[in-house]
Amino acid sequence: MTDLTSYIPEMIATRRELHKIPEIAWTEFLTSEIVINRVRELGFKTIIGKALFNEEYAYGRVQEDIDAAQKRALSMGMSADLLQEMQGYTGCMAIWKTGKPGPVTAFRFDMDCVAVDEPHDESNEAFVGGFDSKFPGLMHACGHDAHTAMGLSFARWIHDHADELCGTIKLVFQPAEEGTKGAAGIAESGLLDDVDYFIGGHIGMAPHLHELGIITTGFLSTTKINVKYTGKPAHAGAAAEQGRNALMAACSASMQIMGIARHGQGNTGVNIGTLHAGEGRNVVPAQASMELEVRGANDQINNYMQDTALRMIKGSAESYGVECQIKIMGHATNVKSDDEMCALVRDVAEKIPGIDRVFDYAGITSSEDCSLLIQKVQSHGGKAAFFYYGCNHHGHHQSDFEIQDTESMPLGFAVFVGCLQKLNGLKA
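Residue indices begin from 1 for each chain and proceed along its sequence in written order. Given that this is a predicted model, residues contribute local features only at a pLDDT of at least 70 and side-chain atom pairs are listed and counted only at 80 or more, while totals for whole chains, interfaces and linings are drawn from all residues. Excluding hydrogens and water, the side-chain values take into account all heavy atoms of the structure.

Side-chain rings of Phe, Tyr and Trp, where Trp is taken by its six-membered ring, are said to pair if the distance between their centres is within 6.5 Å; with planes under 30 degrees apart they count as stacked, over 60 as edge-to-face, and otherwise as tilted. Scanning the entire structure with this criterion turns up 19 aromatic pairs. Seen from their ring centres, Trp 26 and Phe 53 are 5.3 Å apart, and the 65° between their planes marks the pair as edge-to-face. Pair noted here: Trp 26 is in the loop between helix H1 (8-19) and helix H2 (29-42) and Phe 53 is in the loop between strand E1 (45-47) and helix H3 (63-75), with a separation of 27 residues, a long-range link. Measuring from centroid to centroid gives 6.0 Å for Phe 387 and Tyr 389, while their planes differ by 50°, and the two rings are tilted. Relative accessible area serves as the criterion here: at 0%, Phe 387 is assigned to the buried category. To qualify as a helix, a DSSP run of H or I must reach at least 4 residues; to qualify as a strand, a run of E must reach at least 2; elements of each kind are numbered from the N terminus. Under the scheme applied here, a residue whose accessible area is under 20% of the maximum for its type counts as buried, over 50% as exposed, and between as partly exposed, the area being computed with a 1.4 Å probe on protein chains only.

Below, the discussion takes up the state of the cysteines. One covalent bond between the sulfur atoms of two cysteine residues makes up a disulfide. The term disulfide is used for any two cysteine sulfur atoms that are within 2.5 Å. Tallying each qualifying case throughout the model produces 0 disulfides. Note on Cys 166: no disulfide assigned, nearest cysteine sulfur contributed by Cys 419 at a separation of 15 Å. With no disulfide of its own, Cys 370 has Cys 142 as its nearest cysteine by sulfur position, at a separation of 13 Å.

This paragraph deals with the pattern of salt bridges. The term salt bridge refers to a pairing of a side-chain nitrogen on Lys or Arg with a carboxyl oxygen on Asp or Glu at a separation within 4 Å. Counted under the stated rule, the structure contains 19 salt bridges. Here Arg 15 ties to Asp 145 by a salt bridge, and the two come within 3.0 Å at their closest N and O atoms. Residue Arg 15 is found in helix H1, and its partner Asp 145 is found in helix H6 (residues 144-160); the two are separated by 130 residues along the sequence. Each member of the pair, Arg 15 together with Asp 145, is buried. Across the pair Glu 293 and Lys 224 runs a salt bridge whose closest N-O atoms are separated by 2.6 Å. Here Glu 293 is found in strand E10 (residues 287-296), whereas its partner Lys 224 is found in strand E8 (residues 221-230), with 69 residues between them in sequence. Lys 224 matches Glu 293 in its accessibility class, with the two residues each being buried. Through salt bridges that share partners, Arg 15, Arg 16, Asp 145 and Asp 405 make up one connected network.

Okay, here's the thing in structure tokens:
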């Protein structure tokens, strides 16, 4: 293994720089500027803006939030020319062509934060270190700042060792992983259609510090759904019969959806996350909105959950005489990593000093939209794998999430470098 110590200080510094400016799904303009500028300086070809996505599958974009984020980015010194070049879309694919025959290998690094308010006190390692969030209500409480920083140091390593590599390397800096919004548009863009090998990784989850878990099978397929009911207002006392009650339609749908019969062939899940309705105490509610998700052990089971929920949503609208609008806000699938890729990751990880345990990590019940990138690569015969490198956290998406970056990140970085050397390294 090449000595990687010279790359660690910049990687840690970048992670802490990014931790200060957390940006939620589809608003990662400041983060994208850092990524794009650095990989271009290194000589990577970049694909950004709408060219990175099939817009039909760019789920969950809220234009009001995107517009506000662009204004904030400009006010904080972002290049207006680059912002225009990005066309309202965050993210970047950085491509390195060695000019020598070899496979096309892709790696994915996600970029967005979560809507968690970071504590600004001595209980928080970021506050103690002076790199806590500048943005109220937003925090990198899932480690994507570490992923992006690692991807940038990986890019620098590729640049520095280009004469030792063959084939083509694609680094996917993906926006909007939270809510499973960002990967589908990249998966359907055609940009992965030539990829022979694909590797994704994430910090945390079950593996502790100095451990690595390989996702052999796992993740739940999921669909994120927004629903808007529109009825007719009326005076609740004098003319209730003239109204059409959107609130009751939403409540009826919610009760039915939470009671969907579970599938006998695999894990299922459903949750109504928000329900907002009504205009006033004495008005028949004319507006109601819901946010929900369904999950399943695989696409077939998730489709059963989704189709059943949509039938109940539409049926409730019919029952109460209201209109309904349904919008898919996110999607992910389950993962089965290829055996040969799992073996490769295991072989690399077991040789890295500081990784004391490598284990198969199966049956994970969260969802991850990197699954769609993996599925796309596997659909044309490519091979893929996903792994978790550990840290001692208190729970993802919580305000006390921490990663011990000086210990955890170098180990994950070493795995990425080692895998690339195995796949695209020139043979002696």
